[in-house]
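Per-entry structural report
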Amino acid sequence: MEGRIISGVGGIYRVAVDGLIVECSLRGSLRLGEMTPTVGDRVEVDADQKVIAQVYDRVNILCRPSIANIDLLVICVSAAPPVTDYHMIDKICAVAFLHGITPVICVNKNDLVSGMEYADEYARSGIRSLCVSAANGTGIDELKHIISGKVSAFTGNSGVGKSSILNAISPDLGLRTSGISDRLGRGKHTTRHVELFEPMSGTFVADTPGFSAFDIVEFLLPDELRYAFPEFAPYSADCRFSDCTHTGEPGCAVAEAANNGKISTKRFESYREMYQSVRNHKAWEKRK
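The structure presented is a predicted model; accordingly, all values stated were derived computationally and were not measured.

What follows covers the overall build of the protein chain. Helix and strand counts for the protein chain stand at nine helices and 13 strands. Counting over 288 residues, the protein chain shows a buried share of 52%. Restricting to contacts in the protein chain with at least 6 residues of sequence separation, those with at least 24 account for 64%. When the accessible surface of the protein chain is totalled, it reaches about 13,800 Å², and 47% of it is carbon and sulfur.

Structure (structure tokens):
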């Protein structure tokens, strides 16, 4: 029977199989293998022996937090406290694009402060964006439509309302939520590990820990970073140098497009800042 791992703690895996949840351990031969099963993995289950007999090839995997075979990375942000930093959003988008995952910008707390500035900024870069309010339900139906039939990981800095958004999508989830720390002015962590939920048939969502637990830079290499900003593509072919890094070379068509307002200046500056932080990364150092 084929299923999908929805959680794994202490060597016991919960696998969704045809609407049922089967608790399994690993078959002995798999315990000796190099690939450790993780949340999101598609697996073959021996239901009689309650073991995972095979782990199918992955489409993608993020290591921190560990989750595999993601279709959408829903980046939850807020213009209300705790206000989300644009540069952090761009880092998460870069990770998504480089892993073949579609990023979606979900701006919460629109009942408190309008998030249209965020939504407009990313929509002009071709990234799907929407404004929602977990408190009053605004935009939740649109979000349901976007994630329908997909495997989606919800991430964002603590306090922006990831768990509250998921509870608004499916009140039966009953995910624990928390408020904002008065002393620190930022969210209190409520999600300790990754687990998939199935709020609608065939639709899986994960509430992941906040950005502080999301190891970003380990994924990025300087030679591939330019491909993590797909809006650069129409202009990069016109750069004077074929290996242009868009960080100050003469004749850079991407920099010219940013100066002329054809691409987002915020996104371009994020790219250049990211490039400096990963410029010395080597492929052999990249974690598997």
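After presenting the structure, the write-up continues.
Inspection of helix α4 (residues 140–147) places Ile140, Leu143, Ile146 and Ile147 among the buried residues, and these make up the whole buried set. For α4, the angular spread of buried residues about the axis comes to 115 degrees, placing them on one side. Among the exposed residues of α4, those pointing more than 90 degrees away from its buried face are Asp141 and His145.

Moving on, we come to helix α9 (residues 265–278). Between its terminal C-alpha atoms α9 stretches 20 Å, which fits the 20 Å expected from 14 residues at 1.5 Å a residue. Buried within α9 we find Arg267, Phe268, Ser270, Tyr271, Met274, Tyr275 and Val278. Viewed along the axis of α9, the buried residues span an arc of 155 degrees, placing them on a single side of the element. Tucked inside the fold, the buried residues of α9 contact α2 (86–98), α3 (116–123), α6 (222–225) and α8 (253–259). The N-cap of α9, judged by a side-chain oxygen 3.3 Å from the amide nitrogen of Lys266 a few residues on, is Ser264.

In this structure, the amide linkage connecting Pro81 to the following residue, Pro82, adopts the cis form with an omega of 0 degrees. Mapped onto the elements, Pro82 comes out in the loop between β8 (72–78) and α2. Unusually for a residue other than glycine, Asn69 sits at a positive phi of about 60 degrees. Given the relative accessible area of 8%, Asn69 is considered buried.

Take the sheet that holds strand β5 (residues 51–55) next. Pairing is mixed around the closed barrel formed by five strands, whose spatial order is β1-β2-β3-β5-β4. Across the sheet, the mean angle separating the axes of adjacent strands is 55 degrees when strand polarity is ignored. Two elements, strand β4 (residues 42–46) and β5, share four bridges in a ladder whose sense is antiparallel. Each residue of the ladder has a partner; that of Glu44, found in β5, is Gln54.

What follows covers the packing of α2 against α9. Here α2 crosses α9 at 75 degrees, and the two axes come no closer than 10 Å. Considering the angle they form, α2 stands roughly perpendicular to α9. Taking contact as the criterion, the partners of Tyr86, His87, Asp90, Lys91, Cys93, Ala94 and Phe97 in α2 are, on α9, Lys266, Arg267, Ser270, Glu273 and Met274. Here the residues of the contact of α2 with α9 sort into five nonpolar, two polar and five charged.

With that out of the way, let us pick up the pairing of β4. As paired strands, strand β1 (residues 2–9) and β4 are joined by three bridges and run antiparallel to one another. Directly across from Glu2, in β4, lies its bridge partner Glu44. Hairpin remark: β4 followed by β5, antiparallel, with four residues in the connecting loop; positive phi at Lys50, about 55 degrees.

In this section: the pattern of salt bridges. Within this structure, the stated rule accounts for six salt bridges. Taking the shortest distance from any N to any O, the salt bridge between Glu2 and Arg42 comes out at 3.0 Å. One end of the pair, Glu2, is in strand β1; the other, Arg42, is in strand β4, and 40 residues separate them in sequence. The class for Arg42 is partly exposed, based on a relative accessible area of 29%. Across the pair Arg27 and Asp46 runs a salt bridge, and its minimum N-O distance is 3.2 Å.

In total, this model carries seven aromatic pairs according to the counting rule given. Between Tyr86 and Tyr118 the ring centres are 4.6 Å apart and the planes differ by 20 degrees, which places this aromatic pair in the stacked class. Separated by 32 residues along the polypeptide, Tyr86 in helix α2 and Tyr118 in helix α3 bring together distant segments of the chain. Across the pair, Tyr118 and Tyr86 agree in class, each one buried. An angle of 20 degrees between the planes, with centres 6.1 Å apart, marks the rings of Tyr86 and Tyr122 as stacked. Here Tyr86, found in helix α2, pairs with Tyr122, found in helix α3; they are 36 residues apart in sequence, far enough to count as distant. Both residues of the pair, Tyr86 and Tyr122, belong to the buried class. Feature note: the residues Phe229, Phe232, Phe268, Tyr271 and Tyr275 constitute an aromatic cluster, connected by ring pairs. Arg4 extends its terminal NZ or CZ atom over the ring of Phe204, reaching a point 5.5 Å from the ring centre. Across from the ring centre of Tyr86, 5.1 Å away, lies the NZ or CZ of Lys266, which sits over that ring.

What counts, and where the lines are drawn
- Here the residue numbering is sequential within each chain, running from 1 through the sequence in written order.
- Whole-chain, interface and lining totals are the exception, using all residues; otherwise, since this is a predicted model, local features are given only for residues with pLDDT of at least 70 and side-chain atom pairs are given and counted only at 80 or more.
- The basis for every side-chain value is the complete set of heavy atoms in the structure, and neither hydrogens nor water enter the calculation.
- Under the scheme used here, helices are H or I runs from DSSP no shorter than 4 residues and strands are E runs no shorter than 2 residues, and both carry numbers assigned from the N terminus.
- With a 1.4 Å probe rolled over the protein chains alone, any residue whose accessible area is under 20% of its type maximum counts as buried; one over 50% counts as exposed, and the rest are partly exposed.
- Contacts between residues were defined by any pair of non-hydrogen atoms, one from each residue, lying within 4.5 Å.
- Note on areas: Shrake-Rupley, 1.4 Å probe, and residue coverage restricted to the protein chains presented here.
- Here, the arc refers to the directions that run from the helix axis to the C-beta atoms.
- Multiply 1.5 Å by the residue count of a helix minus one, and that product is the helix's expected span.
- Polar contact criterion, stated in full: a pair of N or O atoms within 3.5 Å, where within protein one must be able to donate a hydrogen and the other to accept it, and residues adjacent in sequence count only if both atoms are side-chain atoms.
- When DSSP finds two or more bridges between a pair of strands, those strands are recorded as paired.
- Between the N-to-C directions of two axes lies an angle of 0 to 180 degrees, each axis being a line fitted to C-alpha atoms and, for a helix, fitted only over the stretch in contact.
- We call two directions roughly parallel when the angle between them is under 35 degrees, roughly antiparallel when it is over 145, roughly perpendicular when it lies between 65 and 115, and oblique otherwise.
- Residues are grouped as follows: Ala, Val, Leu, Ile, Met, Phe, Trp, Tyr, Cys and Pro are nonpolar; Asp, Glu, Lys and Arg are charged; all remaining types, including Gly, are polar.
- By definition, a salt bridge exists where a carboxyl oxygen of Asp or Glu is found within 4 Å of a side-chain nitrogen of Lys or Arg.
- Any two rings among Phe, Tyr and Trp, with Trp reduced to its six-membered ring, count as a pair given centres within 6.5 Å; such a pair is stacked if its planes are under 30 degrees apart, edge-to-face if over 60, and tilted if neither.
- Whether a charge sits over a ring depends on NZ of Lys or CZ of Arg being within 6 Å of the ring centre and within 35 degrees of the ring normal.

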